[in-house]
Amino acid sequence: MKIEERFINYTKIDTTSDPESNTCPSTPDQFVLADMLVEELKQLGVEDARRDHNGFVYGTIESNVDYPCDVVGFLAHLDTSDATSGKDIKARKIRDYDGQDILLSEGIYTRVNDYPFLKELKGKDLIVTDGTTLLGGDDKAGIAIIMDFVQFLHHNPEIRHGKMMVCFTPDEEIGRGILNIDLSQFVVDYAYTLDGGPVNCVTYENFNAASASLTFYGNSIHPGDAKNKMINAVQLAVDFHNMLPVNQRAEFTEKREGFNHLQIIQGDCQKAKSSYIIRNHDLDLLHQQMRHFELITMHMNEMHNRHVVELQLKETYYNMKQCLTDKMFIVEQAARAIEQLGYTVEYDPIRGGTDGAHLSFMGVATPNLGTGGRNCHGNHELVIIDEMKEMVKVLTNLINIVVERGVNNDYSK
């Protein structure tokens, strides 16, 4: 099966995760995709492919060399973001893209003026949506790459490689699925997530992350009789938001700049709620941002001389860089695998998080590799077929490098 066909098949399953759910996976159709992948892995010779009760898919590709090598893991996640609908995705291939605005469906365009990087994709083969949903390249492109890699090895048994494990994980988008991984079923020396970005990117830095949940308590009364009596809870939420630094809103930040992102605000005069994600690559700066939330809460409660704001802060994950500083060979060999294809490697930090961040703190150092995806979490998302194919070559180069290190007795164990 061609990699683009494999990917489009995966997008037909709505695996949107649900942050309000208490189950793992948070949505049942993640099981559907997981079971599909188990069957595909078995057809490709991965005899021990299995799915556990939490929706994790595990599989082992045994070594075909007679000397020790690092055991390497490759991961991608099953779910898609709830930021945009993932239901009834209508994926469409564009062959030999002309570099112009892309008509997704009537009246909906992905415009070059809005996304200047499109100019660089002229002549490439793309997959896009119809503009009403996300595409699911985050991270079904990663799944498709790993599966195509397994298929390549299955049909080319002469390629030398050490033992490898694959794992497909639920609920990455809501930041908690990976906490249910069974590391006794995924025993590796280190791993790589394939979770978004250009083919030439290797990432070993991500945001430190926190969340803020706020409840605002008002006093409802008829607006005609409101003077000096009404406290509008929705207005409290708006006032709170406007006290946060404007230049720390996500839409005004880039690169290593942290942000406070308002995810939702809802309610009525009597009671309202809002929630934020808080991000910074520097942990001290993240704590400063969290302190802003505490100070504003104190100020508003004092100003109203009553308890009008309740704040809950939670740190959720941390920058994996600190786990990789003494294991940079893992990053370097991935970079070498990319350079062998003629690319200049970039090390831009992730402005988000991956399963690899949690795994790194669980003792499995796990930097991230690209998938050829762009504009994730929105209806202008696209995947570059050429880059997905290139990533299969990158993984092939990578396992060869791991074998070379084994030959030279330079493996990590």
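Structure report, in brief.

Scoring rules and cut-offs
- Residues numbered from 1 in each chain as written.
- Predicted model: local features only at pLDDT ≥ 70, side-chain atom pairs only at ≥ 80, totals over all residues.
- Heavy atoms only, no water.
- Buried < 20%, exposed > 50% of the residue type's maximum accessible area, 1.4 Å probe, protein only.
- Helix = DSSP H or I, 4+ residues; strand = E, 2+ residues; numbered from the N terminus.
- Contact = heavy atoms within 4.5 Å.
- Pairing = 2+ DSSP bridges.
- Axes fitted to C-alpha atoms, helices over the stretch in contact; angles between N-to-C directions.
- Salt bridge = Lys/Arg side-chain N within 4 Å of Asp/Glu carboxyl O.

Digging into helix α7 (residues 329-339)
Thought 1: Within the span of α7, buried status applies to I330, V331, Q333, A334, A335, A337 and I338.
Thought 2: The inward-facing, buried residues of α7 contact β9 (190-194), β10 (202-203), α6 (321-324), β15 (368-369) and α9 (385-407).

Looking at the sheet that holds strand β11 (residues 208-217)
Thought 1: Within the open sheet, the four strands sit side by side as β12-β13-β11-β14. Their pairing is antiparallel. Two strands bound the open sheet, and with one partner strand each, they are β12 (259-267) and β14 (309-317). The average angle at which neighbouring strand axes cross in this sheet is 15 degrees, direction not considered.
Thought 2: Where β11 lies against β14, eight bridges are found, and the strand directions are antiparallel. The residue bridging T215 from the neighbouring strand is E310, located in β14.
Thought 3: Strands in contact with helix α4 (residues 233-243) are β11, β12, β13 (271-280) and β14; relative to β11, the strand with the most contacts, it is inclined by about 145 degrees.
Thought 4: Across the sheet, helix α5 (residues 283-304) is in contact with β11, β12, β13 and β14; its angle to β14 comes to roughly 170 degrees.

Points about the sheet that holds strand β17 (residues 382-384)
Thought 1: Reading across from one edge, β4-β7-β17-β16 is the order of the four strands in this open sheet, with antiparallel pairing throughout. Each edge of the sheet is formed by a strand with only one pairing partner; in this case those strands are β4 (92-94) and β16 (373-374).
Thought 2: Two strands pair when backbone bridges link them, and strand β7 (residues 126-128) and β17 are joined in this way by three bridges, in the antiparallel orientation. Across the sheet, residue L126 finds its bridge partner in β17, namely I384.
Thought 3: Docked against the sheet, helix α1 (residues 3-11) engages β4, β7 and β17, running at close to 10 degrees with respect to β7.

Remarks on the pattern of salt bridges
Thought 1: Following the criterion strictly, the structure yields 13 salt bridges and no others.
Thought 2: Across the salt bridge formed by R50 and D48, the nearest N and O atoms sit 2.9 Å from each other.
Thought 3: Classification of R50 as partly exposed rests on a relative accessible area of 24%.
Thought 4: Notably, a salt bridge pairs D125 with R95, separated by 3.2 Å at the nearest N-O pair. Highlighted residues: D125 in the loop between β6 (108-110) and β7 and R95 in the loop between β4 and β5 (102-105), separated in sequence by 30 residues.
Thought 5: The partly exposed category is assigned to R95, whose relative accessible area is 42%.

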